[in-house]
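Residues per chain, in single letters:
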Amino acid sequence: MILLGPPGAGKGTQASRIAESLSVPKVASGDLFRDQQARDTKLGRLARSYMETGGLVPDDVTIRIVMEWIKAHEGEGGFLLDGFPRTRVQAEALDREIVESGGIDRALYVNVSTKELVRRLAGRIICRSCQTPYHEYSSPPIMVGKCDRCGGDLYQRDDDKAEAVQKRLEVYFKETDPLVQFYREAGILREIDGEGTVEDVGTALLEAIER
Ligand code: ADP
Ligand code: AMP
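Every chain begins its residue count from 1, and numbering advances along the sequence as written. Written order determines the labels here, with chains lettered from A and ligands numbered from 1. Where local features are concerned, this predicted model is filtered to residues with pLDDT of at least 70; where side-chain atom pairs are given and counted, the filter is 80 or more; whole-chain, interface and lining totals use all residues. Excluded from the side-chain calculations are hydrogens and water; all other atoms, namely the structure's heavy atoms, are used.

A. Inspection of the pairing of strand β5 (residues 124-127) at higher detail. Sheet topology places β5 next to strand β6 (residues 133-135); 3 bridges connect them, and they run antiparallel. The residue of β6 that forms the bridge with Arg124 is His135. Pairs of strands are assigned from DSSP output, requiring at least two bridges between the strands. Helical segments are the DSSP runs of H or I of at least four residues, strand segments are the runs of E of at least two, and each set is numbered from the N terminus. Count of turn residues in the β5/β6 antiparallel hairpin: 5 residues, of which Gln131 carries a positive phi of about 70°. As judged from the 2 bridges shared by β5 and strand β7 (residues 154-155), these two strands associate in the antiparallel manner. Residue pairing in the sheet places Cys127 in a bridge with Leu154 of β7.

B. Fine view of helix α1 (residues 11-22). Here α1 contains 12 residues, and its C-alpha end-to-end distance of 16 Å stays within 8% of the 16 Å for a straight helix at 1.5 Å per residue. Any residue under 20% of the maximum accessible area for its type is buried, any over 50% is exposed, and the rest in between are partly exposed; the area is computed with a 1.4 Å probe on protein chains only. The set of residues buried in α1 consists of Lys11, Gln14, Ala15, Ser16, Ile18 and Ala19. Against β1 (2-4), β2 (26-28), β3 (80-82), β4 (107-111) and α9 (198-210) lie the buried residues of α1. After α1 finishes, the residue Ser23 shows a positive phi value of roughly 55°. Expected span of a helix, by definition, is 1.5 Å for each gap between consecutive residues, and there is one gap fewer than residues. Whether two residues are in contact is decided by their heavy atoms, any of which lying within 4.5 Å being enough.

C. Seen up close, the site of ligand 2. Every one of the 16 residues lining ligand 2 counts as a neighbour, but Ser29, Arg34, Gly55, Gln90 and Arg157 are closest to it. Polar contacts, as used here, are pairs of N or O atoms within 3.5 Å; protein pairs need one atom able to donate a hydrogen and one able to accept it. Residues neighboring in sequence count only if both atoms are side-chain atoms. Ser29 places a side-chain nitrogen or oxygen 2.8 Å from a nitrogen atom of ligand 2. Within the side chain of Arg86, a nitrogen or oxygen atom sits 3.0 Å from a nitrogen atom of ligand 2. Considering ligand 2 on its own, with 480 Å² of exposed area, one finds that the protein chains cover 96% of that surface. With 4 residues, the top contributor of residues to the shell around ligand 2 is helix α2 (residues 29-38). Each residue gets one of three labels, nonpolar for Ala, Val, Leu, Ile, Met, Phe, Trp, Tyr, Cys and Pro, charged for Asp, Glu, Lys and Arg, and polar for the others, Gly among them. Taken together, the residues of the shell around ligand 2 sort by class into 5 nonpolar, 6 polar and 5 charged. Throughout this document, a residue counts as near a molecule or strand when at least one of its heavy atoms sits within 4 Å of that molecule or strand. To be clear on the numbers: accessible area is Shrake-Rupley with a 1.4 Å probe, and residue cover counts the displayed protein chains and nothing else.

D. Structural context of the environment of Ala19. Mapped onto the fold, Ala19 is located in helix α1. Given the relative accessible area of 10%, Ala19 is considered buried. For the pair Ala19 and Phe173, spaced 154 residues apart in sequence, the C-alpha separation works out to 27 Å.

E. Spotlight on the pattern of salt bridges. Definition used for salt bridges: Asp or Glu carboxyl oxygen within 4 Å of a side-chain nitrogen of Lys or Arg. Tallied over the full model, the rule gives 17 salt bridges. Across the pair Glu116 and Arg120 runs a salt bridge, and its minimum N-O distance is 2.8 Å. Of this pair, Glu116 and Arg120 are both found in helix α6 (residues 114-123), 4 residues apart, which corresponds to roughly one turn of the helix. With respect to burial, Glu116 and Arg120 carry one shared label: buried. Close ionic contact of Asp158 with Lys161 constitutes a salt bridge, the shortest N to O distance being 3.2 Å. Classification of Asp158 as exposed rests on a relative accessible area of 53%. Here the salt bridges share partners, and the residues they tie into one network are Arg124, Arg157, Asp159, Asp160 and Arg168.

As structure tokens, then:
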């Protein structure tokens, strides 16, 4: 399954809930890149140069790192991808690479208005260790500055600052939004209203997976 939607739609928030409730592994391509940056690898340094301005990391590198993750989790009863694919080239590569295991069953599209996305991204803080997202007003952690799950430090991502957010939204509408139609034509798109509470959106997603 894949989670599709603009930055700030709530994909990461819901990916953890879906993965726990269905007992499937999940990954966010953005988390893979942030992990490489934290370890200061060559790939991490390359990814940073695109991420800090809100652009996309090139397709070849992105496809390679996500496919490595998928191969490492084969045989675990499926998987959930968050933030991948983001371009047509990535979507076609994914289809090709997993054709033998039955392909993608569901593309879950979380739809949120641009105004609400900007509000969510401006208040997002994430854990430096496990990357769990919080919101300073709507989903604050129990202890200020500390992750409820692992106790790690919370910080604001550089690319959640206003200038990068505008660019990321533009890139989303140009490169990624066309995938909504791509998966609709494939008959596997399920659209969910992402503006309700975290619980309501979670329930709608689980229903859409069953539908
Ligand atoms: P994405 O992974 O799609 O970029 P996140 O899951 O990181 O989005 O959520 C973006 C921000 O919005 C976070 O601060 C998160 O706490 C908050 N958020 C997520 N879902 C909701 C919701 N249903 N209502 C209000 N805020 C939400
Ligand atoms: P995210 O955590 O999903 O908001 O992603 C943060 C950043 O990582 C994006 O703005 C891109 O620079 C990069 N990124 C994440 N996923 C992809 C992808 N599938 N293709 C290209 N770049 C990506």
